[in-house]
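What the coordinates show
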Amino acid sequence: MEELRKRARELLATGEVKVVIGYGEGSAGRIRPLFITDPAGAGVLMFDERCLANLAVYLLKAEVKQLGKAAGTAPIRNHSNGLQPAAESQVSDETVRLIGVADGKAVDLPTLASAEEYVASVSLEPAAEEKEALARIERMTMEERWAYWNEQLSRCLKCYACRAACPMCYCTQCTVECNQPQWIPVPATPLGNLEWHVMRAMHLAGRCVGCGECRRACPIDLPIDLLTKKIGEDVAAGFGLRAGSSRKLEYALSTYRPDDREDFIR
Amino acid sequence: MAEFEPRIVAFVCNWCTYAGADLTGTSRIKYAANVEIIRFPCTGRIDFMLLLKAFASGADAIIVSGCHPNDCHYTSGNFHARRRWMTFRSLLDYLGIDVRRVQFSWVSAAEGAKWAEVVNSTTAAVRELGPFTGYRQLAGAGIELGG
């Protein structure tokens with residue numbers, strides 16, 4: 001932890017970055033995001049097992065971007081969240097720098113290239129329990145799946161916390177705010193909820209790095225991360241593209257191979 | 001009770017399948033009248049949300065059809081669409097929607113007979129499946145939006 005603070009202090013003092021985004025102690029034992037701009041303030045940075053929130057979402061916020069180059073602290077697995085926005089030209093070495101945290105130690109990743117090297121050494125596939133959660137639904141009959149998702153999604157409050165928490169949901173104008181035509185009804189209705197979650201999943205196709213922040217943000221713990229992870233697995237298996245694996249990854253749905261699968265097309 | 005008549009919405013591209021469907025007509029090939037055709041500039045323009053809206057508006061099945069690979073008027077619209085359909089179809093399946101209700105096909109401007117066959121076979125298949133009551137119940141549930 002001291003190492004992390006020292007690193008943040010150095011980065012700010014030398015002017016290499018203007019803001020360090022990290023975790024800090026909040027109220028009632030909760031963790032909150034911190035935005036440190038003064039090297040003297042780096043002492044409150046912390047990292048422990050409660051620091052799960054994916055701070056990459058802040059790297060793309062206009063308010064943070066206008067501060068200047070940002071350093072984001074992240075559990076090492078979340079580094080994909082620095083690489084995927086880079087693949088989409090949202091961040092670059094000029095605007096962000098990542099500080100990795102692995103086993104309580106700060107890992108220096110001065111460039112996105114070095115972050116990519118690091119990511120290459122870890123598996124980006126879903127963890128065993130995530131795979132099992134995905135497979136559990138696949139094993140259901142079609143009717144069971146329909147009933148399961150209806151039951152889950154009809155509870156959705158349409159608070160859009162999943163969208164707000166997702167580092168990849170950075171569009172300044174979202175289709176849910178579009179009212180001519182009104183693609184997604186404003187109130188929470190069973191149909192509108194399904195449409196929203198299909199749309200969210202499809203718009204994250206080949207882009208979701210599977211950090212699970214949408215589910216953590218969900219006030220009623222809907223398993224919506226499974227929808228994006230399911231597509232993520234399809235895209236990885238079908239097109240060989242794993243979101244977050246490279247800062248130069250092509251977008252699965254805006255590229256193609258002439259020999260893409262088409263056994264479902266008559 | 002009268003026999004169930006499926007309502008099928010077809011999203012087709014302007015350059016191949018729409019012209020192909022035209023050829024079906026000019027060739028005097030009779031085919032199921034259950035299909036309502038919506039013409040698009042290209043399959044690449046067919047957003048998955050439109051498919052959902054068709055189901056919400058009472059479609060029992062959907063046909064999405066365009067140019068064969070390498071025949072796209074815009075070079076690659078159908079290649080892009082193919083990836084989107086593959087992803088979307090898998091998601092629908094994961095959500096428990098019967099993917100037999102979404103039929104994708106390549107029908108060229110010369111394939112009037114194939115168009116009739118696609119429509120006829122989809123109509124027959126959906127006649128077996130019955131009306132898409134699951135989705136319709138969902139559309140009818142919750143707050144009445146009017147209009």
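Residues numbered from 1 in each chain as written. Chains lettered and ligands numbered in written order. Predicted model: local features only at pLDDT ≥ 70, side-chain atom pairs only at ≥ 80, totals over all residues.

Details of the overall build of chain B
When its secondary structure is counted, chain B shows 5 helices and 4 strands. Reading chain B from its N terminus to its C terminus gives the helix and strand order β-α-β-α-β-α-β-α-α. Here chain B has a C-alpha radius of gyration of 15 Å; the compact-globule value for 147 residues is 15 Å, and the two agree. Dimensions of chain B, computed from C-alpha atoms along their principal axes, come out at roughly 45 × 35 × 30 Å. Counting the 147 residues in chain B, one finds 49% classified as buried. Considering only intrachain contacts with a sequence separation of at least 6, the fraction spanning at least 24 residues in chain B is 82%. (Helix = DSSP H or I, 4+ residues; strand = E, 2+ residues; numbered from the N terminus. Rg over C-alpha atoms; globule rule 2.2 N^0.38 Å. Buried ≥ 20, exposed ≤ 12 C-beta atoms within 10 Å, placed from the backbone. Contact = placed C-beta atoms within 7 Å.)

Some points on the pairing of strand β1 (residues 19-25) of chain A
All names here are of chain A. Most of β1 sits inside the fold, with 5 of its 7 residues counted as buried. Relative to strand β3 (residues 70-75), β1 runs parallel, the two being bridged by 3 bridges. Note on β3: the bridge partner recorded for I21 is G72. Taken together, the 6 bridges between β1 and strand β2 (residues 31-36) define a ladder with antiparallel strand orientation. Paired with V20 across the two strands is I36, which belongs to β2. If you look at the hairpin formed by β1 and β2, you'll find 5 residues sitting between the two strands, and A28 has a positive phi there, around 55°. (Pairing = 2+ DSSP bridges.)

Digging into the nonpolar core
Formed by 117 residues in total, the largest nonpolar core has its most connected members in A8 and V20 of chain A together with I8, I62 and L91 of chain B. Once residues lying within four places of it in the same chain are set aside, the contact partners of I62 of chain B are I8, V9, F11, L51, A54, R101 and V102 of chain B. (Core = buried A, V, L, I, M, F, W, Y, C linked by C-beta atoms within 7 Å.)

Considering the interface of chain A and chain B
Contact residues are listed per partner, giving 38 residues for chain A and 34 residues for chain B. Those elements that provide at least two residues to the side of chain A that touches chain B are α7 (142-153), α9 (190-203) and α11 (225-239) of chain A. The element contributing the most residues to the side of chain A that touches chain B is α9 of chain A, with 8 residues. By residue class, the composition of the side of chain A that touches chain B is 25 nonpolar, 4 polar and 9 charged. (Nonpolar A, V, L, I, M, F, W, Y, C, P; charged D, E, K, R; others polar.)

Here we look at the domain arrangement of chain A
Residue and element names in this part refer to chain A. According to the domain assignment, chain A consists of domain 1 (2-120) and domain 2 (128-254). Listing elements by their share of the side of domain 1 that touches domain 2, those giving two or more residues are α2 (56-59), α4 (80-87) and α5 (112-120). For the side of domain 1 that touches domain 2, the leading source of residues is α4, giving 7 residues. (Domains from an automatic or database assignment.)

Details of the packing of helix α1 (residues 17-26) of chain B against helix α4 (residues 112-129) of chain B
All names here are of chain B. Across the interface, α1 lies against α4 with an axial gap of 7 Å and an inter-helix angle of 95°. Compared by their axis directions, α1 and α4 come out roughly perpendicular. Counting all contacts with α1, which are made through T17, G20, A21, L23 and T24, the residues of α4 involved are G112, W115 and A116. For the contact of α1 with α4, the residue count by class is 4 nonpolar, 4 polar and no charged. (Axes fitted to C-alpha atoms, helices over the stretch in contact; angles between N-to-C directions. Parallel < 35°, antiparallel > 145°, perpendicular 65-115°, else oblique.)

Notes on the confidence of the model for chain B
Segments scoring low in pLDDT should not have their predicted coordinates read at a detailed level. The pLDDT averaged across chain B works out to 94; a share of 95% of its residues lies at or above 70. Confidence estimates for the predicted assembly give a pTM of 0.93 and an ipTM of 0.92. (pLDDT = per-residue confidence, 0-100.)

Topic: the environment of T172 of chain A
All names here are of chain A. Relative to the helices and strands, T172 resides in the loop between α8 (161-165) and α9. The exposure class assigned to T172 is exposed, which follows from the 6 C-beta atoms found within 10 Å. Between the alpha carbons of T172 and A62 there is a distance of 9.8 Å; along the sequence they are 110 residues apart.

Quick word on the sheet that holds β1 of chain A
Residues and elements named next belong to chain A. The sheet built from 5 strands is open, its strands ordered β2-β1-β3-β4-β5 with mixed pairing. Each edge of the open sheet is held by one strand with a lone partner, namely β2 and β5 (105-109). The sheet shows a mean angle of 30° between the axes of neighbouring strands, taken without regard to direction. Across 5 bridges, strand β4 (residues 96-102) lies against β5 in antiparallel orientation. In the sheet register, I99 faces β5, and the bridge partner there is D108.

A short note on the sheet that holds strand β4 (residues 102-106) of chain B
Residues and elements named next belong to chain B. One open sheet accounts for 4 strands, arranged β2-β1-β3-β4; its pairing is parallel. For this open sheet the edge positions go to β2 (35-40) and β4, each flanked by a neighbour on one side alone. With strand direction ignored, the average angle separating the axes of adjacent strands in the sheet is 20°. Strand contacts of α4: β1 (8-13), β2, β3 (61-66) and β4, with the helix running at about 160° to β3, the strand carrying the most contacts.

Quick word on the pairing of β3 of chain B
All names here are of chain B. β3 sits mainly inside the fold: 6 of its 6 residues count as buried. Of the two faces of β3, the one lined by A61, I63 and S65 and the one lined by I62, V64 and G66 are each fully buried. As paired elements, β3 and β4 share 5 bridges and run parallel to each other. The partner of G66 across the bridge, within β4, is W106. Read from β3 through helix α3 (residues 77-94) to β4, the crossover connection turns out right-handed. (Right-handed = clockwise from strand over helix to strand, strands pointing away.)

Let's talk about unusual backbone geometry
Cis rather than trans, the peptide bond between Q180 of chain A and P181 of chain A has omega equal to 0°. With respect to the element layout, P181 of chain A can be found in the loop between α8 and α9. One non-glycine residue with positive phi stands out, namely N70 of chain B, at about 75°. The topology assignment puts N70 of chain B in the loop between β3 and α3.

Quick look at the environment of A139 of chain B
Of note, A139 of chain B is situated in helix α5 (residues 133-140). Overall, the presence of 18 C-beta atoms within 10 Å leaves A139 of chain B in the partly exposed class. For the pair A139 of chain B and G58 of chain B, spaced 81 residues apart in sequence, the C-alpha separation works out to 8.8 Å. Aside from chain neighbours lying at most four places away, what touches A139 of chain B is L191 of chain A together with A56 of chain B.

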